[in-house]
Structures are given as structure tokens and as C-alpha cells.
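Reading the structure
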Amino acid sequence: MLIALAVLAFLLGSIPFGVIICKAKGVDIFKVGSGNIGATNVVRAVGPTLGGLVFLLDVAKGFVPGILAHYLIQGEPLGLNIQVWSFIFGAVAMLGHMFSPWIGFKGGKGVATGLGAALASIPLTGLLAIVVMIIVTVPTRYVSLGSIVAALSVIPISALVVHDSPQMLPFLVILAVFVVYRHRSNIKRLLNGTENKFNFRKNEDNEKKGEERRNDEDGRP
């Protein structure tokens, strides 16, 4: 059961929704902005509505395996409680998102999928992390900074505010390390003052290129 859930979680996490949705609109997400397949870059490519959809789908990739664990796992396999197992399977989906075999083992930075894992296993901590992300992102307009701070914040929130299972702590530390590592290029740009600020609108140049590509495919001038 544990192996089957892990495989399912990884495969679900590996679905590159950002790539699929942008391709349907005639846009190569790898050639837009940061080239990342996550919701932030999808907003740049095809607008906030589809970017929001990608965000929700990426959250669901971490949430669904975590919820399945609650229903399918009985007892405490390997001495780990259900809260931890729920998070583990959500985190496996996060790895699938980061290293998707369908796009050459590339992927996103895992924040949305990791958030889904947290909402399934430690929901109050996950919700408070969202609040932290909003508080940091809205005034600065740096999604990367909000993501990093939110990922780091889950550790004290879980341990000191919500009082989740102590077994969660090492897994949350690993999550934070992964998120910070995946944002290493963003951190350099933040320190250099060259990081892009987020806008809730698509890049019109990308829209024009996508439109031209669709016209070519349809044989229209």
C-alpha cells in the first residue's frame, strides 16, 4: 500500500499542468519569463485566470495524495503517525512536480504542491503559511521571497503555534531546505536587486507570439 501510494503520488505530481495549459494556448512556457512551469510564470504567459487554475491544480497534486493517506493507511507504519504519512505522500508529489519525467525531469519549484501537502496533513499550519506568504508577497510583489519565507515559517508555526506532531519537524525542515534550494537563483537576483516583481497580467508580447503560432498552425495569415 505504501509503495503504491508513493508511485501514485509521484505520477500525479509529475503532471506538468503549466506546460499543458500554456501549450493549449499556443505558448511555450519554457520560453517565457523565468521559464518555470509554475503558476507565477503561467500568469506572465497566458494571464491570471489560467495562472490561478494552474496554481489550484498544483496545490491539488500535493493535497490529493495526502488526503488518500488518511483514508487508506491504518495504524502507524514504521512508527510514523498518519499526519506524517499524509505529509510524506504529498511531498512525494512535490518531488514529481520538481522532477517530472514527462519534461526531461525538469519542473517547478514545488511551492504550490508543497502547500497542498501541508493543507492535507497539517491544515492550520498550511493556512497560516499562506497568510505569511500573502503578507510578504503583496507589499514587495516578490513571489519568490514570499515563497521562501512561507516555507521557512512552517517550522516555527508547526512547532510553536499549532503544536503539530513532533514527528513532523524533520520533514518540515527538509521541505524548507528543498524550497530554498530550488529558489537559489531567485535569492541571487533578490540580493542583486534584479528579481522580477509580480504583475497580475500576462505579457502582451507572449500573447502575440502565441497568437501568431496558432494562426500558422491553422493556415491563417
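One can find the structure itself at the top, above this paragraph.
Right, let's walk through the structure included here. All values reported here derive from a predicted model rather than from experimental measurement. (Residues numbered from 1 in each chain as written. Predicted model: local features only at pLDDT ≥ 70, side-chain atom pairs only at ≥ 80, totals over all residues. Heavy atoms only, no water.)

1. Notes on the overall build of the protein chain
Test applied: Strands here are runs of E lasting at least two residues and helices are runs of H or I lasting at least four, both read from the DSSP assignment and numbered beginning at the N terminus. The globule rule used here is 2.2 Å times the number of residues to the 0.38 power, and the radius of gyration it is set against is calculated over C-alpha atoms. Only protein chains enter the accessibility calculation, which uses a 1.4 Å probe; a residue is then buried when its area is under 20% of its type maximum, exposed when over 50%, and partly exposed in between.
Helices and strands together make up the secondary structure of the protein chain, namely 11 helices and zero strands. Counted from the first residue to the last, the protein chain has its helices and strands arranged as α-α-α-α-α-α-α-α-α-α-α. For 221 residues, the compact-globule formula gives about 17 Å, and the C-alpha radius of gyration of the protein chain, at 18 Å, lands near that figure. For the protein chain, buried positions account for 46% of its 221 residues.

2. Some details on the layout of surface pockets
Unoccupied space between atoms shows up once a probe the size of one water molecule is rolled over them. Spelled out, the test is: For each structure, a 1 Å grid was placed over the protein atoms alone; sets of points admitting a 1.4 Å probe that cannot get out are labelled cavities, open sets with protein on both sides within 12 Å along at least five of seven lines are labelled pockets, and lining residues have an atom within 4 Å of a point. Grid points are joined across faces, edges and corners, and a volume is the space filled by probe spheres set on the points.
Considering only enclosed or pocket space, the largest pocket measures out at about 970 Å³ in volume. Lining the largest pocket are 37 residues, and of these Ala-39, Thr-40, Met-133, Val-143 and Ser-147 lie nearest its centre. Elements supplying a minimum of two residues to the lining of the largest pocket: helix H3 (39-46), helix H4 (48-72), helix H6 (111-121), helix H7 (123-140), helix H8 (143-162) and helix H10 (184-192).

3. Topic: the packing of helix H5 (residues 82-98) against helix H9 (residues 168-182)
Our working rule: Here the axes come from fitting lines to C-alpha atoms, over the contacting stretch only for helices, and the angles between their N-to-C directions go from 0 to 180 degrees. Here the angle decides the label: under 35 degrees means roughly parallel, over 145 means roughly antiparallel, 65 to 115 means roughly perpendicular, and every other value means oblique. We call a crossing left-handed when the near helix sits turned anticlockwise from the far one by less than a right angle, and right-handed when that turn is clockwise. Note on contacts: a residue pair qualifies if any of its non-hydrogen atoms lie within 4.5 Å across the two residues. Residues are grouped as follows: Ala, Val, Leu, Ile, Met, Phe, Trp, Tyr, Cys and Pro are nonpolar; Asp, Glu, Lys and Arg are charged; every other residue, Gly included, is polar.
Between H5 and H9, the least distance of the axes is 10 Å, while the angle of their chain directions is 15°. In terms of axis orientation, H5 runs roughly parallel to H9. In this structure, H5 meets H9 at a crossing whose hand is left-handed. Touching Gln-83, Val-84, Phe-87, Ile-88, Met-94, Leu-95 and Met-98 of H5 are Met-168, Phe-171, Leu-172, Leu-175, Phe-178, Val-179 and Arg-182, all from H9. Broken down by class, the residue content of the contact of H5 with H9 amounts to 12 nonpolar, one polar and one charged.

4. Let's talk about H7
What counts here: How far a helix is expected to stretch is found by multiplying one less than its residue total by 1.5 Å. To obtain the arc, one takes the directions from the helix axis to the C-beta atoms.
Between its terminal C-alpha atoms H7 stretches 26 Å, which fits the 26 Å expected from 18 residues at 1.5 Å a residue. Burial in H7 covers these residues: Thr-125, Gly-126, Ala-129, Met-133, Val-136 and Thr-137. Around the axis of H7, the buried residues are gathered within 95° of arc, so they sit on the same side. For H7, exposure combined with an orientation more than 90 degrees from the buried face picks out Ile-135, Val-138 and Pro-139. Of the surrounding elements, those touching the buried residues of H7 are H6 and H8. Phi turns positive, to about 60°, at Arg-141, one or two residues after H7.

5. Considerations on unusual backbone geometry
Located in the positive-phi region is Leu-78, a residue other than glycine, with phi close to 60°. With respect to the helices, strands and loops of the structure, Leu-78 is situated in the loop between H4 and H5. Not every positive phi belongs to a glycine, and Arg-141 is a case in point at roughly 60°. Here Arg-141 shows up in the loop between H7 and H8. A relative accessible area of 36% means that Arg-141 is categorised as partly exposed.

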